[in-house]
Amino acid sequence: IPPERIRGFSIIAHVDHGKSTLADRLLELTGAIAKRDPAATGTDKKEQEQVLDNLAVEKNRGITVKAQTVSLLWKRRGEVYLLNLIDTPGHVDFHYEVARSLAASQNALLLVDATQGVQAQTVANYTLAFDMGLDILPVINKIDLPSAQPEAVADQIDAALVVPFASHEFPHVSAKTGEGVAALLDLIVDRMAPPPEASVAARDAPLRMLLFDSWYNAYKGVICLMAVKTGRVRVGDTVVAHATQHVYTVTEVGILAPAMTPAATLSAGQVGYLCLNMKKKSESVVGDTFYHRARPQPPVQTVTPVKPLVHAGVFPMDPVELPALTDAIESLTVHDPAISVAKETSGTLGQGFRLGFCGNLHMDVFRERLEMEHQMETLITHPTVAYRLLKNDGTVVVTNNPARWPDEAEIASHYAAFEEPFVVATLLSPVTYVGALLSLVGDNRGEHLDTTYLDDHRVMIKARLPLANVLTRFHSDVKARSSGYASFEYTEAGYRRSDLVKVRVLLNGEPVDALSSIHHRSEANAVARAWVQRLKGVIKRQLIDVAIQGQVAGKTVARETVKQVVKDVTQWIYGGDRTRKDKLLAKVKRGKSRMRLFANKIELDPETFRSLISQP
Ligand code: GTP
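Residues numbered from 1 in each chain as written. Predicted model: local features only at pLDDT ≥ 70, side-chain atom pairs only at ≥ 80, totals over all residues. Heavy atoms only, no water.

### Some remarks on unusual backbone geometry
Formally: Numbered from the N terminus, helices here are DSSP runs of H or I no shorter than four residues, and strands are runs of E no shorter than two.
In this structure, Q245 is a non-glycine residue whose phi angle is positive, near 60°. If you trace the backbone, Q245 turns up in the loop between β9 (238–241) and β10 (247–249). For N508, which is not a glycine, the phi torsion comes out positive at approximately 45°. In this fold, N508 is placed in the loop between β26 (500–507) and β27 (510–511).

Shown next, in the form of structure tokens:
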């Protein structure tokens, strides 16, 4: 296919505005997949098989987590065009995936739900694409719904965003019924520019290609997804990875259609996969540039690692599974380079890892992938942000682990101040809820920065908030206080001074490191009291008296005692079946090693233990 007949685009949108559904229709119409009987497609998200959402966790949750790439062919005026489509996730936690996909495309379809209008992530994803220099075509979706207001939504887009199309030109589609989708494909061909690198001259230039995704395939090893910027690559070529300087022989090239389809070559302007016989999964650095060994080239872009925002300890339920957990984490982090990994040892939980994520949903998805793809049961501690501790001698310590927070005596003699990360949040809401949302901002130590009216009904609020608060209940509170109508988004906004203190939980005088946390002083007492009540509720009666204390900055602010009880774990097994009794004792013993909260004394059932450790 000649270079001028290539089009590359990503689909971006707010969560649930229909990206994956549209991608499915595009695949069907272009014949990449067989058309399915619409009646057989359930209305429940979970029942619908979205072709590009192929991770178990994506099917389970009905959301896109990984960006997916597919090459499609579309005939227009008798000529065949090659369309490189990248379906992207909508949730803020997967922003890095969107950014990565956008680096490999020149155009973006900005999908907006005709019943919902412009939402916070519509604006955020638009801004990201705009800043990366992409041409953006707004597409209004879900026009089949009775409550659709495509004209009003087009006006909103026109008012809020800058796009190279007039509002009457925005295509109206129903990704569900397929209405308008063929016309959309024609419009993509007619109005989108081919990739600037897709010229005959670029094809003859030295090879330069961007690695923008990679994953592990059981048969073929590490698969690298490349956007070829200049030149061409074929099987047998010797290529070099700029960042690692590793040399590889290309063993297979091909396109995703959507299944892996081998091809003879990939040329400038194309997107496709390469098998390079990489020994380790960690060799593929997303964002890296590859070139022919004989003709070294400068990198396409600098590789900037994603900065994680939340951190949590991850431990195996059973300590013998540490090696399996290590393998599982290694293979999942290749697939998801936005996760940072360090080893950690906890007094309560033993050996494990401290992982960094882009947000709580990102973390949840990771936990689910550990369970679904690797059958790993894990204990994940409460997520925390990274704090900056400024010492008297001018040095700065960054910690993302409350267990490592200095004690009060050390603070008094060595530390000058603490800082916590802040974000600027954008809230989009119907005008009616402005008051409720501003008071929510106030309740979370936030500062209202700005209010803009998008039209008579919708308003955009900007506010500065501590990241720690945004990560916990803010999202659900925004939904609750706006009857589900407001949406929000945030971007990092640096560190600010903060009066931070450590909340500890002590059992019979001993601190439980896995339950300690860092809070602003104004919120700490309530947290300590809540912990004591919660523990009192679950510890029940043990073989010893248990004194529960909640401390803020070393001072006890709440206290309860649970009186002892004597029990025999085997008493309920009547009769003389010795093996059953032994088995139970062995099980209890093994379980105990993971269910003790401190000094081997407080026993909890595994589920209670797990929920204490993982839910703040
Ligand atoms: P994420 O991947 O989670 O970001 O969502 P998404 O934008 O890919 O949305 P998805 O395609 O999963 O669609 C969300 C819901 O909207 C699903 O229940 C779809 O069936 C439904 N939907 C998508 N397009 C249409 C449409 O044109 N009409 C109607 N009625 N429903 C649609």
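### Considering the confidence of the model for the chain
Defined as follows: Known as pLDDT, the predictor's per-residue confidence is scaled from 0 to 100. Residues are treated as being in contact if the distance between any of their heavy atoms lies within 4.5 Å.
A residue-level look at the chain finds 83% of positions with pLDDT of 70 or above and a mean pLDDT of 82. Ranking the elements of the chain by mean pLDDT puts helix α2 (residues 56–61) last with 50 and strand β20 (residues 387–391) first with 96. Ignoring residues within four places in sequence, the model shows residues 36–49, a span with pLDDT below 50, making 16 contacts including any to other chains. Below pLDDT 50 for its whole length, residues 570–576 participates in seven contacts with residues either more than four positions away or in separate chains. The ipTM for the predicted assembly is 0.97, set against a pTM of 0.68.

### Brief notes about the sheet that holds strand β17 (residues 340–346)
Let me state the cut-off plainly: Here, a strand pair is defined by DSSP locating no fewer than two bridges between the strands. Helix axes are fitted only over the stretch in contact, all axes being lines through C-alpha atoms; the angle between N-to-C directions runs from 0 to 180 degrees.
Strand order across the open sheet formed by four strands is β17-β18-β16-β19, with antiparallel pairing between neighbours. At either margin of the open sheet sits one strand with a lone partner, and together these are β17 and β19 (378–380). Averaged over neighbouring strand pairs, the angle between their axes works out to 30° when direction is ignored. In the sheet, strand β16 (residues 310–316) pairs with β19 via three bridges, with the strands oriented antiparallel. Looking at the pairing, V314 lines up with I380 of β19.

### Concerning the nonpolar core
Stated formally: Residues enter a nonpolar core if they are buried and are Ala, Val, Leu, Ile, Met, Phe, Trp, Tyr or Cys, with the set joined through side-chain atoms within 4.5 Å. Using a 1.4 Å probe on the protein chains alone, a residue whose accessible area is under 20% of its type maximum counts as buried, one over 50% counts as exposed, and one in between counts as partly exposed.
Judged by nonpolar contacts, the single largest core of 50 residues is most densely connected at F9, I11, L22, L26, L83, L85 and L109. Not counting the four nearest positions on each side in its chain, L26 is found in contact with F9, I11, L72, L85, V181 and L185. Core analysis: the next-biggest nonpolar cluster, separate from the first, contains 47 residues, L325, I329, M376 and A425 among them.

### Comments concerning the environment of R7
Going by this rule: Polar contacts here mean pairs of N or O atoms no more than 3.5 Å apart (in protein, one a potential hydrogen donor and the other a potential acceptor; neighbouring residues in sequence count only if both atoms are side-chain atoms).
Counting through the fold element by element, R7 comes out in strand β1 (residues 6–13). As for R7 and S71, which are separated by 64 residues in sequence, their C-alpha atoms are 9.8 Å apart. Those residues within four positions of R7 in sequence are excluded, and the remaining contacts are Y81, L82, L83, N84, I188, V189, M192, A193, P194 and P195. Side-chain polar atoms of R7 contact the backbone oxygen of M192, separated by 2.9 Å.

### Some details on helix α9 (residues 360–374)
We count it as follows: Residue count minus one, scaled by 1.5 Å, sets the expected span of a helix.
Given a rise of 1.5 Å per residue, 15 residues ought to cover 21 Å, and the 20 Å separating the end C-alpha atoms of α9 matches this to within 8%. Three or more residues of α9 are buried, namely L361, H362, M363, V365, F366, E368, R369 and L370.

### A short note on the packing of helix α11 (residues 434–443) against helix α12 (residues 467–481)
Axes are the key here: two packed helices are described by the angle between their axes and the distance separating the axes. Heads up, the rule is: Roughly parallel refers to an angle under 35 degrees, roughly antiparallel to one over 145, roughly perpendicular to one between 65 and 115, and oblique to any angle outside these ranges. Less than a right angle of anticlockwise turn of the near helix away from the far helix marks a crossing as left-handed, whereas a clockwise turn marks it as right-handed. Polarity classes work like this: nonpolar for Ala, Val, Leu, Ile, Met, Phe, Trp, Tyr, Cys and Pro, charged for Asp, Glu, Lys and Arg, and polar for all others, with Gly in that last group.
Running from amino to carboxyl end, α11 crosses α12 at an angle of 155°, the nearest separation of the two axes being 9 Å. Taken as axis vectors, α11 and α12 run roughly antiparallel relative to one another. Pair α11 / α12 crosses with right-handed handedness. On α12, the residues that touch A436, L437, S439, L440, V441 and D443 of α11 are F474, D477, V478 and R481. Of the residues that constitute the contact of α11 with α12, the class distribution is six nonpolar, one polar and three charged.

### Points about the pattern of salt bridges
Defined as follows: Salt bridges are counted wherever a side-chain nitrogen of Lys or Arg sits within 4 Å of a carboxyl oxygen of Asp or Glu.
Applying the stated criterion across every chain yields a total of 23 salt bridges. Here E523 and R445 are joined by a salt bridge, their closest N and O atoms 3.2 Å apart. With E523 in helix α13 (residues 521–539) and R445 in the loop between α11 and β23 (447–453), this pair connects stretches of sequence that are 78 residues apart. For the salt bridge of R521 with D499, the shortest nitrogen-to-oxygen distance reads 3.0 Å.

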